[in-house]
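Below, each chain spelled out in residue letters.
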Amino acid sequence: MSTEDRPPAPRSLAEELRARGDASLGALLRSRPDLITPVPTDLTQLATRAGTRASVVRALERLDRFALQTAEALAVAADPATYGELLALMAGDDAAPAVVAALPHALDGLREQALVWGGDDRLRLVRTARELLAPSPQHPSPTGLGPTVQEATAGMSPGRIQEIVTAAGLPSTHDAVSAVTALAGLFTDRARMAALLAGAPADSLEVLERLVWGPPYGQVTADPAPRLRWLLDRGLLLPTAPGTVVLPREVALHLRRGLAHRTPEPVPPVVEVAATHRPQVVDSTAAGQAYTALATVEELLKDWDEGGPAVLRAGGLSVRDLKRTAVALDVSEPVAAFWVELAYAAGLIASDGEADERYAATPAYDEWRELPAAERWSRLVTAWLAATRTAGLVGGRDAKDRTLSALGPGLDRSAAPEVRHRVLTLLAGLPEGAAPAAGSVLARLRWERPLRGDRREDDPRGRLAEWALSEAELLGVTGRGALSAQGRTLLGAPAAPAKSPEAEPVGPGDKLPVHHHHRPTPLTPLSPAEQAVASAAAARLLAPLLPEPLDHVLLQADLTAVAPGPLRRPLADMLGVLADVESKGGATVYRFTPGSVRRALDAGQAASDLHAFLAAHSRTPVPQPLAYLIDDVARRHGHLRVGAASAYVRCDDDAVLNEILADKRAAGLGLRRLAPTVLAAQADPSGLLEGLRAMGFAPAAESAEGDVLITRALAHRTPPRTAPEPVPDGPPTPDDTLLAAALRAIRAGDLASTTPRKPGTAPALDGEPPRTGAAETLATMQAAVLTGEALWIGYVNAEGAASQRVIAPVRVEGGFVTAYDHTADEVRTYPLHRITGVAELADDGD
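These numbers were taken from a predicted model, which means no experiment stands behind them.

Student: Help me understand the overall build of the chain in this model?
Tutor: Counting its secondary structure elements, the chain contains 33 helices and 26 strands. The burial tally for the chain puts 46% of its 846 residues in the buried class. For the chain, the accessible surface area stands at approximately 41,400 Å², while carbon and sulfur atoms represent 55% of it.

Here is the structure:
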């Protein structure tokens with residue numbers, strides 16, 4: 001292409017955006033969705049918004065390490081810089097092949113995100129990004145480089161500059177500007193610089209070595225040592241303030257062999273394999289964990305069925321209640337916090353909103369319990385994937401040094417869903433059955449989203465990743481550290497990568513092959529509709545791996561029953577009333593006691609019902625001790641009657657009442673005899689029932705009519721509640737429909753603001769909407785209806801927002817103009833009094 005045919009270089013970011021196609025602009029808006037919230041009126045406003053500090057900071061924080069290193073190198077390069085200068089800073093004198101190969105891709109990514117603009121001969125970093133990344137005494141550059149010679153000598157006297165030039169072996173000049181230029185030329189000339197340093201004392205070179213990779217600043221006394229004096233005299237160190245010197249950027253780059261970074265990282269770290277397992281073992285292990293997860297959540301909700309712990313005044317569970325829940329679930333407190341938060345995220349528990357506010361199960365829990373086990377699992381895992389509440393923070397401190405409690409405020413981390421998805425995606429990239437080394441996963445995540453300044457002592461994404469790995473194992477998304485088949489399906493991931501036939505088996509510590517010049521496109525999070533389909537498919541994969549619920553138990557002579565697996569719900573519910581759980585595990589052991597049998601009788605069961613139930617559901621004969629226990633408790637159940645007098649006890653056997661009166665433990669009940677078969681009490685009926693049961697009796701409550709009251713444990717439910725909404729991590733990525741509409745509006749608005757107007761028709765400033773009087777506006781509109789010409793108008797809507805549009809008037813009547821609006825790409829009607837002015841557009845030949 002000849003010089004005449006080459007398009008002119010853009011003079012601004014707005015001009016470069018104007019030259020882009022829709023595909024390129026769409027890629028920009030997808031990568032930086034904050035730019036269309038709200039939709040810009042034209043490309044100039046889009047470019048302005050792309051340069052704002054908040055937007056640039058957000059874009060920089062989402063760069064991978066090599067792209068960020070490229071931006072940091074441009075921040076210390078000349079403005080503008082050539083591609084050759086950038087390559088020299090990134091690849092150094094040795095021109096590292098991996099950097100040479102990866103740099104074009106990194107630069108294209110920066111251009112796509114509008115952080116860099118201009119051709120390869122005039123690369124410019126957006127001004128705000130340069131201000132954020134360029135070195136300064138207050139904010140050292142991540143490169144470790146200091147100011148240039150020109151910047152460091154800005155306040156130095158001309159005489160002192162001439163002394164430095166002379167000491168460096170350069171001829172003196174007539175002015176300070178040429179002297180600084182000559183000194184910078186010396187420092188950037190490899191051969192002359194090598195000759196200068198060849199005569200440096202060894203201890204002076206040691207000083208340079210300590211400063212070369214940063215920080216570039218050092219302290220000196222009023223009378224510097226000879227090794228420092230030699231460097232100061234030749235400008236290899238320059239004073240920046242009393243007692244402070246700096247290593248000029250040009251000198252540091254020479255010592256670094258041209259590198260802006262000590263270790264350029266063009267290739268992401270590979271995820272190392274810590275262990276491999278047969279896929280069938282992984283899937284079955286994950287299924288076992290999934291079953292345990294369901295059982296744990298059900299146990300939690302059963303524990304809170306009649307009303308759970310109280311809600312703290314500031315919200316959340318108290319430390320004591322969390323400990324109590326951990327003991328009930330037989331897990332550690334951090335794990336208990338995870339299950340509580342998961343049930344909350346899935347909408348299964350919430351606060352009841354009563355005056356003495358407590359946590360309880362929601363109506364959604366009853367619906368969830370009726371689903372097949374695999375579907376219940378998919379509901380939990382889908383909620384976990386999207387949840388921003390982070391259980392790992394429980395027990396920590398917030399910014400005001402307050403303890404973070406489970407179910408309390410301050411646990412939302414908007415990055416959590418993205419990190420979970422990315423961690424699982426990395427696992428999906430490994431061969432089937434391969435479990436990663438956790439450290440290599442964290443190293444990969446740090447490369448993909450490096451910390452500003454590399455502050456690894458506070459690595460929130462790393463902590464989120466560690467929690468994601470452990471939580472995925474608890475839920476059965478992974479098994480033995482490897483992604484299960486159902487976990488892969490849950491992500492919508494393709495089949496695991498196949499190993500080549502000649503490849504050796506992957507063992508602990510092995511690294512997977514990585515192609516330096518091609519990176520697979522990472523999986524993107526699924527839309528809600530896609531996630532629902534993927535979750536259903538994952539549930540279908542899991543279902544055959546879960547144990548089938550049993551309809552029987554094994555009764556034993558020691559008053560226990562063994563459930564060799566999960567029980568069907570009616571059997572489990574009834575057995576939970578009739579017996580106490582003694583131990584859990586692969587088989588659950590239940591123990592029958594007088595108290596548990598009385599609990600079943602209180603719930604309305606007769607002794608004959610209990611005998612029939614056990615005979616129907618036991619694979620072994622009902623042991624005689626258990627039958628005797630049921631009959632004995634049933635015989636005494638209801639023998640005593642308690643009613644409201646304040647309370648009374650009546651019994652046909654006055655000897656039993658004599659026994660009660662003689663018992664010292666009855667003193668607190670305030671009993672007195674009313675009749676041979678009736679005792680009155682000062683305690684209320686419920687207190688009297690508890691007191692008599694503590695004394696070893698088995699009383700039953702009765703109504704005012706004398707009928708036995710069947711007391712049941714009533715399930716406490718909250719009013720209908722919705723699951724908590726995740727806190728978004730910035731604006732969502734626009735879908736295709738929104739993106740197309742936004743691009744059409746921006747293009748049309750840009751057309752309105754940049755289309756030439758006929759001279760003399762729009763007395764307005766450049767870029768401002770036209771201003772005309774009402775009569776001129778009406779006359780121009782009417783003329784345009786006859787000629788069919790398009791007009792440029794300024795318009796203020798009912799909310800007072802001003803905009804500019806290109807319209808083709810069709811009809812003017814009744815104070816309104818009906819026109820085809822090129823900006824909105826549709827026919828609209830506008831009140832004439834809201835049109836601030838009108839201008840004719842120039843002909844193509846103007």
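Student: What is the right way to look at the environment of Leu 832 in this model?
Tutor: Relative to the helices and strands, Leu 832 is located in the loop between strand S25 (826–831) and strand S26 (835–840). Here Leu 832 falls in the buried class, since its relative accessible area comes to 18%. In sequence terms Leu 832 and Phe 816 are 16 residues apart; their C-alpha atoms lie 5.3 Å from each other. Among all residues touching Leu 832, those that are not within four sequence positions of it are Leu 778, Met 781, Val 812, Gly 815, Phe 816 and Val 817.

Student: Is there a simple way to think about helix H33 (residues 774–787) in this case?
Tutor: The α-helix advances 3.6 residues per turn, and as a result positions three or four apart in sequence lie on the same side. In a regular helix each residue adds 1.5 Å, so 14 residues correspond to 20 Å; H33 covers 20 Å between its end C-alpha atoms and thus fits that length. Those residues of H33 lying buried are Thr 777, Thr 780, Met 781 and Ala 784. Buried residues of H33 fall within an arc of 100 degrees about the axis and therefore sit on the same side. The exposed residues of H33 that point more than 90 degrees off its buried face are Ala 775 and Leu 786.

Student: Hey, could you run me through unusual backbone geometry in this one?
Tutor: Peptide bonds are mostly trans, and most non-glycine residues show a negative phi. Of the consecutive residues Asp 79 and Pro 80, the connecting peptide bond is found in the cis state with omega at 0 degrees. Along the chain, the position of Pro 80 falls in the loop between helix H5 (65–76) and helix H6 (83–91). Along the chain, Gly 214 connects to Pro 215 via a cis peptide bond; the corresponding omega equals -5 degrees. Relative to the helices and strands, Pro 215 is located in the loop between helix H13 (202–211) and strand S3 (217–219). Positive phi, normally seen in glycine, also occurs at Asp 401, with a value near 60 degrees. Locating Asp 401 in the fold gives a position in the loop between helix H20 (373–386) and helix H21 (416–428).

Student: Explanation requested: the packing of helix H16 (residues 279–303) against H20 in the structure shown.
Tutor: Helices that pack against each other are described as a pair by the angle of their axes relative to one another and the distance between those axes. Orientation of H16 relative to H20, taken along the N-to-C sense of each, is 80 degrees, at an axis distance of 10 Å. Here H16 is positioned roughly perpendicular relative to H20, judged by the angle of their axes. Between H16, through Ala 290, Leu 294, Val 297 and Glu 298, and H20, the contact on the second element is made entirely by Ala 373, Arg 376, Trp 377 and Leu 380. Partitioning the contact of H16 with H20 into residue classes produces six nonpolar, no polar and two charged.

Student: Got a minute to help me understand helix H31 (residues 685–694) in this structure?
Tutor: Three or more residues of H31 are buried, namely Leu 688, Leu 689, Gly 691 and Leu 692. Taken around the axis of H31, the buried residues stretch over an arc of 165 degrees, which confines them to a single face. Seen from the open side of H31, the exposed residues pointing more than 90 degrees away from its buried face are Glu 690 and Ala 694. Taking the backbone nitrogen of Gly 687 as reference, a side-chain oxygen 2.6 Å away marks Asp 684 as the first, capping residue of H31. Looking one or two residues beyond H31, the residue adopting positive phi is Gly 696, at roughly 100 degrees.

Student: Just to check I follow, could you spell out the pattern of salt bridges for this structure?
Tutor: Evaluation of the coordinates by the stated rule reveals 35 salt bridges. A salt bridge links Glu 418 to Arg 461, with the nearest nitrogen and oxygen atoms 3.8 Å apart. You can see Glu 418 sitting in helix H21 and its partner Arg 461 sitting in helix H23 (residues 460–475), a full 43 residues away along the chain. Overall, the relative accessible area of 15% leaves Arg 461 in the buried class.

Student: Is there a simple way to explain the sheet that holds strand S22 (residues 791–796) in this structure?
Tutor: Through backbone hydrogen bonds, the strands of a sheet pair up, either in parallel or in antiparallel fashion. The five strands are arranged S25-S24-S23-S22-S26 in an open sheet whose pairing can be described as antiparallel. Strand pairing shows two members of the sheet lacking a second neighbour, S25 and S26, which therefore form its edges. Strand-to-strand twist in this sheet, taken as the mean axis angle between neighbours without regard to direction, amounts to 45 degrees. Relative to strand S23 (residues 802–813), S22 runs antiparallel, the two being bridged by six bridges. The partner of Val 796 across the bridge, within S23, is Ala 802. Contacts from H33 reach S22, S23, strand S24 (816–821) and S26, with the element oriented near 60 degrees to S23.

Student: Looking at this model, I keep getting lost on the sheet that holds S3. Mind explaining?
Tutor: Pairing in this open sheet of three strands is antiparallel, and the strands run S3-S5-S4 from one edge to the other. Of all strands in the sheet, those bounded by a partner on one side alone are S3 and strand S4 (238–241). Shown here is a sheet whose adjacent strand axes are inclined to one another by a mean of 40 degrees, direction ignored. In terms of strand pairing, S3 meets strand S5 (residues 244–246) through three bridges, oriented antiparallel. Looking across to S5, one finds that Gln 219 is bridged to Thr 244.

Student: For this particular structure, what's the right way to read the side chain of Arg 598?
Tutor: Topologically, Arg 598 is positioned in helix H27 (residues 594–602). As a buried residue without a salt bridge, Arg 598 has its nearest oppositely charged side chain in Asp 602, at a separation of 4.5 Å.

The rules behind the values
Residues numbered from 1 in each chain as written. Predicted model: local features only at pLDDT ≥ 70, side-chain atom pairs only at ≥ 80, totals over all residues. Heavy atoms only, no water. Helix = DSSP H or I, 4+ residues; strand = E, 2+ residues; numbered from the N terminus. Buried < 20%, exposed > 50% of the residue type's maximum accessible area, 1.4 Å probe, protein only. Areas by Shrake-Rupley, 256 points an atom, 1.4 Å probe, with all protein chains shown as cover. Contact = heavy atoms within 4.5 Å. Expected span 1.5 Å × (residues − 1). Arc of directions from axis to C-beta. Axes fitted to C-alpha atoms, helices over the stretch in contact; angles between N-to-C directions. Parallel < 35°, antiparallel > 145°, perpendicular 65-115°, else oblique. Nonpolar A, V, L, I, M, F, W, Y, C, P; charged D, E, K, R; others polar. Polar contact = N/O pair within 3.5 Å; in protein donor to acceptor, adjacent residues only side chain to side chain. Salt bridge = Lys/Arg side-chain N within 4 Å of Asp/Glu carboxyl O. Pairing = 2+ DSSP bridges. Lys, Arg positive; Asp, Glu negative; His and termini not counted.

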